[in-house]
Amino acid sequence: MPVLQSGAVTRETFWTIGHVGEAAFYYLSAVAILVFVYGVYERVARYADAPADPVARLDDLPGRVARATRLLLTNEAQFDRDVYAGVMHTFVVWGFLVLLIGTTILAVDMELWTLLLGRDSFFVGDFYLSYSLVLDAFGLLFVVGVGMACWRRYGVRDPRLWGTHTDLADDAFVLTLLALGVGGYLVEALRILGTGFPSFETVSFVGYALALAGRTAGITPATAESVYAVAWWSHALLALGFVALLPYAKPVHMLTSLANVVTRDPKAGNRLPGVPEDAAPEDIGTASVEDFTWRELLDQDACTNCGRCSSVCPATAVGRDLDPRDVILDLQAYRESRAAGEDDLPIVADGGESVIAAESMTACLSCTACMDACPVDIEHVKQFTGMNRRLTESGEMDRNVQDAMMNAFQQGNVFGDPARTRPDWTDDLDFEVPDAREESVDLLWYVGDYPSYGERNRRVARSLARIFEAAGVSYGILHEDEVNDGNDVRRVGEEGLYETLAEDNAAAFEACEFDELVCTDPHSYNTFAHEYPETLDDFDAPVSHYTEVVERLVDEGRLSIPRTLDRSVTYHDPCHLGRMNDVYDAPRALIRATGATLVEMPRNRADAFCCGGGGGGVWTDVEEDVKPSEERLREAVEDTGPAVETFVVACPMCTTMFEDGRKTGGYEDDLDILDLTELLVAAMDAQADG
C-alpha cells in the first residue's frame, strides 16, 4: 500500500502489522485460496465420476443462474412459512455479500489499481467514508442475523434445528460466523481507539461506539495499539481458516446449495426418471453408494440440516418412521463412512441392518411437501423412489401394496375387479354415457379406478357425468379399455408395471378421436401431463383436471351453477392438483359459484397437509395413533375459525382417505365429506327442488 499523506481521510490497512506481517498475510491468503480451490476441485471431480443424471440440468444456464441469484438475494424460500428465518437469512446473506464485495474492492485498490497500475489510491475521501458507512451497516446486519440464528438455536432451542445429525460441527459453523462478525468490529474499535479517534471515523458507527465503550472501560490508546496486532491476526487467521476449510466441512453447503438450486429439475416430483431399457433387475433402483447420480450426491451435500422438510412431512407429523432430512443425511453419512473404508451395508432393506429401513420408504406419501419446503431444491422423492425400486426388485414390497400391484397387472385396476365391470357405475344414471371408442368427442373423460370401482367414489363419477350432461358438452369414456393410470404404481417402485399401463392407456387413447383429455383424479392428471409424454413416443394429448374444464364451461356460459347453497365449507387442496400442478383457483371459484361460504384452513394451497393416500398410502395398513387424514380433519374442525359444515375435496383418493378418517377420528357429527362435483350437483338440485 502506498504511503499515506498526513491527515488523509482513510486508514492504514496493515496498521502495526509491519511489512513482514503483511508478507506473511499474503502468503497465508494464497495458501488458503489454494486449499479452497483444491477442495472445490476434489468435490466436483467426485460428482463427475458419479453416474449421469437422466434429467437435463444445465439447459438455459443463464436463466437457471438468474433464478438462483434472485432466490439468493430475496430469500423468498426462507420466508415461506417462517418470517423469522426469512429476516435472519436476509441479514446474513446481504451482510456477507456486502462484506465480501467490500473486501474485494479493497484488494482491487491495493493490488491492482495502485500496485500494478501505479495509480493513486481511490480508498480515500468520500469514497472511503461511504465505504466505511456501508460496510459497518451491513456488517451489523450480518452480526444481528447470526445472532438471531444463535438465539433460535441455543436460546429457544427450536426443535426443528436439533435433528439426529446435529453435532458440534453445526455449532462450530454458527459460532465461527458470529466470531468473524463480532471480531471484525473489535479490531475496528481497537484501531479507532489506538489512532486517537479520527473525527471522520464516526461513519464507522459500530466500531466507533465500541471504541468509546473501550475508552470508558479504561483502555488507553497505547494499550489498544499494543494489542491490535494480536486481535488483527486472530481475526485474519480465523477468516482464512474458514475459507480454506469451506469445501471440506459443514459450511460446504454455502457452495453446494447454490449449485443445487441452479441444477434443479423444475418437474421434480411431477415426473420421475425412467429406468434404462437394458437395465438388469439387480441394477434397478438404489442398492449402493455407486448408484447415486451426481445430482443425488449434490442433494446430500446441499442439505443445510434446517429441518424444513421434516416440519411439513405428513408422515413425520403423525409419527411414522420417516424423517426426510434424516434420510438425506443418513445417505450422506453412509457415503462418507464408505469412503473412509467402513463396512458396506444395503442402502435399503426390509429387515436386517441397512442404511434406510423399508418402513421409512413405505411411509412416504409422495406428496412433495418436503421438496416444496426445501430452500435449496433437494429432490427427496426422486431418491426415495430409487430405494422403492430396489425394494420392489428384491421382493420386499409391502404386502398390501404388492396385492394392489398384482390387481393392476391382472385386471387393470387396483381393486382386482373384472375389467368388464369398470363402466357399471353408469347403470344408475337416467342417461347413457357416450362411448368414446364409437364416436368422436371433444372431451375424452378418463374416469379412473376409484370413481369406477369404489362405491363411495362412484357418486363422484355420476355427479361429473350429470354436470357434463347439463352443460351439453361432447364427451365420452373408454369403458373397459381404460386401465389404471400408473401414477402411484410408479411411485411405489413398480416401474415395469407403470410402463405397461401407460402403453395400454396410450393405445386406448390413440384409438379415439378427441380434443382434450379430462381426468377425475389429480393423480391421473399429473401422470398424463408430465410422465406419459416422456415415457411414450408421440404422446401429446392436452390434459386437464375436471375442475379446470368445469370452470371453463361456467365462464363460457355453457353451464349455470345456481347460488343456492347457504353453508360454510372448507376446501382441501389435493397434493397432485395444488402443490404439484398449481391448480388452486378453479376449485375455489366453483365453490363460490354455488353460494357457499369458503373458509380456508390454516394450511392451504401449496402448504396443504396431505390426506395420506399418495405414494401407495391408500393401500397400506399402518398402525398409528393418528392418521394423516384425521390430522387434516382436526385442522378443519378446530383451527379453521368459523365452524364449517362441509369438507370439500377434488380427488377421489382424498375422498377415500377422508371418509375413513372421518370415522376413525370421530368426526362423523362434525363434517360432511363431499367431492366438488357433488357440491355442484347439490346446488343444481337445490334449484330444481325450489
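About the criteria used
- Residues numbered from 1 in each chain as written.
- Predicted model: local features only at pLDDT ≥ 70, side-chain atom pairs only at ≥ 80, totals over all residues.
- Heavy atoms only, no water.
- Helix = DSSP H or I, 4+ residues; strand = E, 2+ residues; numbered from the N terminus.
- Buried < 20%, exposed > 50% of the residue type's maximum accessible area, 1.4 Å probe, protein only.
- Contact = heavy atoms within 4.5 Å.
- Areas by Shrake-Rupley, 256 points an atom, 1.4 Å probe, with all protein chains shown as cover.
- Lys, Arg positive; Asp, Glu negative; His and termini not counted.
- Charge placed at Lys NZ, Arg CZ, Asp CG, Glu CD.
- Phe/Tyr/Trp six-rings, centres within 6.5 Å; stacked < 30°, edge-to-face > 60°.
- Lys NZ or Arg CZ within 6 Å of the ring centre and 35° of its normal.
- Core = buried A, V, L, I, M, F, W, Y, C linked by side-chain atoms within 4.5 Å.
- Patch = residues over 30% accessible without salt bridge, like charges linked within 9 Å, V, L, I, M, F, W, Y side chains within 5 Å.
- Salt bridge = Lys/Arg side-chain N within 4 Å of Asp/Glu carboxyl O.
- Polar contact = N/O pair within 3.5 Å; in protein donor to acceptor, adjacent residues only side chain to side chain.
- Pairing = 2+ DSSP bridges.
- pLDDT = per-residue confidence, 0-100.
- Axes fitted to C-alpha atoms, helices over the stretch in contact; angles between N-to-C directions.
- Parallel < 35°, antiparallel > 145°, perpendicular 65-115°, else oblique.
- Left-handed = near helix turned anticlockwise from the far one by under 90°.
- Nonpolar A, V, L, I, M, F, W, Y, C, P; charged D, E, K, R; others polar.
- Disulfide = S-S within 2.5 Å.
- Expected span 1.5 Å × (residues − 1).

### Section: the overall build of the protein
Right, on to step 1. Each helix and strand in the protein was counted, giving 28 helices and ten strands.
Right, on to step 2. When the backbone C-alpha atoms are referred to their principal axes, the protein occupies close to 100 × 60 × 50 Å.
Right, on to step 3. Relative to its full complement of 690 residues, the protein shows a buried share of 54%.
Right, on to step 4. A separation of at least 24 residues holds for 79% of the contacts in the protein among residues at least 6 apart in sequence.
Right, on to step 5. Looking at the protein as shown, the accessible area adds up to about 29700 Å², and 55% of this sits on carbon and sulfur atoms.
Right, on to step 6. Between the centroid of the 53 positive side chains of the protein and the centroid of its 113 negative side chains there is a distance of 5 Å.

### Some thoughts on helix α25 (residues 585-593)
Right, on to step 1. Of all the positions in α25, only Ala 586, Pro 587, Arg 588, Leu 590, Ile 591 and Ala 593 are classed as buried.
Right, on to step 2. Of the residues one or two after α25, Gly 595 is the one with positive phi, at around 95 degrees.

### What about the packing of aromatic side chains?
Right, on to step 1. Inspection of every chain in the model, using the stated rule, returns 31 aromatic pairs.
Right, on to step 2. When the ring of Phe 123 is compared with that of Tyr 128, the centres are 5.2 Å apart and the planes differ by 80 degrees; the resulting orientation is edge-to-face.
Right, on to step 3. For Phe 123, a relative accessible area of 0% corresponds to the buried category.
Right, on to step 4. Residue Tyr 128 is classed as buried on the basis of its relative accessible area of 0%.
Right, on to step 5. Taken together, the ring pairs connect Trp 113, Phe 122, Phe 123, Phe 127, Tyr 128, Tyr 131 and Phe 200 into an aromatic cluster.
Right, on to step 6. Positioned above the aromatic ring of Trp 162, the side-chain terminus of Arg 153 is 5.1 Å from the ring centre.
Right, on to step 7. The ring of Trp 162 carries the charged tip of Arg 157 above its face, separated from the ring centre by 4.0 Å.

### Focus: the nonpolar core
Right, on to step 1. By size, the foremost hydrophobic cluster in this structure holds 93 residues, and its most contacted members are Trp 445 and Phe 468.
Right, on to step 2. Sort the elements by how many residues they give to this core and helix α21 (residues 495-510) lands first, with seven residues.
Right, on to step 3. The contact partners of Trp 445, leaving out residues within four places of it in the chain, are Trp 425, Ala 461, Leu 464, Ala 465, Phe 468, Tyr 475, Gly 476, Ile 477, Glu 482, Val 518 and Thr 520.
Right, on to step 4. Phe 25, Ala 32, Ala 236 and Ala 244 belong to the second-largest nonpolar core, a separate cluster that totals 27 residues.

### With respect to a negative patch on the surface
Right, on to step 1. Together, Glu 277, Asp 278, Glu 282 and Asp 283 make up a negatively charged patch on the protein surface.
Right, on to step 2. Relative to the elements of secondary structure, Glu 277 occurs in the loop between α9 (253-262) and α10 (294-302).

### Some remarks on the side chain of Ser 544
Right, on to step 1. Here Ser 544 is to be found in strand β6 (residues 543-545).
Right, on to step 2. Relative accessible area serves as the criterion here: at 9%, Ser 544 is assigned to the buried category.
Right, on to step 3. Within the structure, the side chain of Ser 544 is placed 2.4 Å from the side chain of Glu 516, a separation counted as a polar contact.
Right, on to step 4. Among residues more than four places away in sequence, those in contact with Ser 544 are Glu 516, Leu 517, Val 518, Cys 519, Tyr 525 and Val 549.

### A word on the pairing of strand β3 (residues 443-446)
Right, on to step 1. Of the two faces of β3, the one holding Leu 443 and Trp 445 and the one holding Leu 444 and Tyr 446 are both buried throughout.
Right, on to step 2. The sheet contact formed by β3 and strand β4 (residues 475-476) spans two bridges and is parallel. Following the sheet pairing, Leu 444 is matched in β4 by Gly 476.
Right, on to step 3. Relative to strand β5 (residues 516-519), β3 runs parallel, the two sharing four bridges. Within β5, the residue paired with Trp 445 across the bridge is Val 518.

### Regarding the confidence of the model for the protein
Right, on to step 1. Per-chain confidence: the protein averages 95 in pLDDT, with 99% of residues scoring 70 or above.
Right, on to step 2. Predicted confidence is poor over residues 1-6, with pLDDT under 50, and the contacts of this stretch with residues over four places away or in other chains come to eight contacts.

### Let's talk about the sheet that holds strand β9 (residues 646-649)
Right, on to step 1. Taken in spatial order, the four strands line up as β8-β7-β9-β10 in an open sheet, and their pairing is parallel. Among the strands making up the open sheet, the edge pair consists of β8 (597-598) and β10 (672-675).
Right, on to step 2. The pairing of strand β7 (residues 568-571) with β8 spans two bridges and is parallel. Following the sheet pairing, Val 569 is matched in β8 by Leu 598.

### Notes on the packing of α25 against helix α28 (residues 676-689)
Right, on to step 1. Across the interface, α25 lies against α28 with an axial gap of 10 Å and an inter-helix angle of 25 degrees. The angle between the axes of α25 and α28 places the two elements in the roughly parallel class. In the packing of α25 onto α28, the handedness of the crossing is left-handed. Facing Pro 587, Leu 590 and Ile 591 of α25, the residues of α28 in contact are Leu 676, Leu 679 and Leu 680.
Right, on to step 2. Residues that form the contact of α25 with α28 fall into these classes: six nonpolar, no polar and no charged.

### Side note on the packing of helix α2 (residues 61-74) against helix α4 (residues 83-116)
Right, on to step 1. Running from amino to carboxyl end, α2 crosses α4 at an angle of 110 degrees, the nearest separation of the two axes being 8 Å. On the basis of their axis angle, the class for α2 and α4 is roughly perpendicular. Note on element contacts: α4 touches α2 through Thr 90, Val 93, Trp 94 and Leu 97, opposite Leu 72, Leu 73 and Thr 74.
Right, on to step 2. Residues that form the contact of α2 with α4 fall into these classes: five nonpolar, two polar and no charged.

### Describing the sheet that holds β3
Right, on to step 1. One open sheet accounts for four strands, arranged β4-β3-β5-β6; its pairing is parallel. For this open sheet the edge positions go to β4 and β6, each flanked by a neighbour on one side alone.
Right, on to step 2. Its contacts with the sheet place helix α19 (residues 455-471) against β3, β4 and β5, and it is angled at close to 170 degrees to β3.
Right, on to step 3. Strands β3, β5 and β6 of the sheet are contacted by helix α24 (residues 546-555), whose axis makes an angle of about 85 degrees with β6.

### Remarks on the pattern of salt bridges
Right, on to step 1. Tallied over the full model, the rule gives 52 salt bridges.
Right, on to step 2. Of the charged contacts, one joins Asp 573 and Arg 588 as a salt bridge, the two residues approaching to 2.7 Å between their closest N and O atoms. One end of the pair, Asp 573, is in the loop between β7 and α25; the other, Arg 588, is in helix α25, and 15 residues separate them in sequence. Just as Asp 573 is buried, Arg 588 falls in that class too.

### What to know about the state of the cysteines
Right, on to step 1. Under the criterion given, the structure shown has zero disulfides.
Right, on to step 2. Not engaged in a disulfide, the cysteine Cys 364 finds its nearest cysteine sulfur in Cys 370; these two sulfurs lie 6.4 Å apart.
Right, on to step 3. Cys 611 takes part in no disulfide bond, and the closest cysteine sulfur, belonging to Cys 654, lies 3.8 Å away.

### Some points on a nonpolar patch on the surface
Right, on to step 1. Together, Tyr 27, Val 31, Val 35, Tyr 38, Tyr 41, Leu 245 and Tyr 248 line one region of the surface with nonpolar side chains, adding up to about 730 Å² of accessible area.
Right, on to step 2. Among the elements that line the nonpolar patch, the one with the most residues is helix α1 (residues 18-49), at five residues.
Right, on to step 3. Among the residues examined, Tyr 27 registers a relative accessible area of 57% and is labelled exposed.

### Focus: helix α16 (residues 380-393)
Right, on to step 1. Here α16 contains 14 residues, and its C-alpha end-to-end distance of 20 Å stays within 8% of the 20 Å for a straight helix at 1.5 Å per residue.
Right, on to step 2. Phi turns positive one or two residues past the end of α16, at Gly 395, with a value near 70 degrees.

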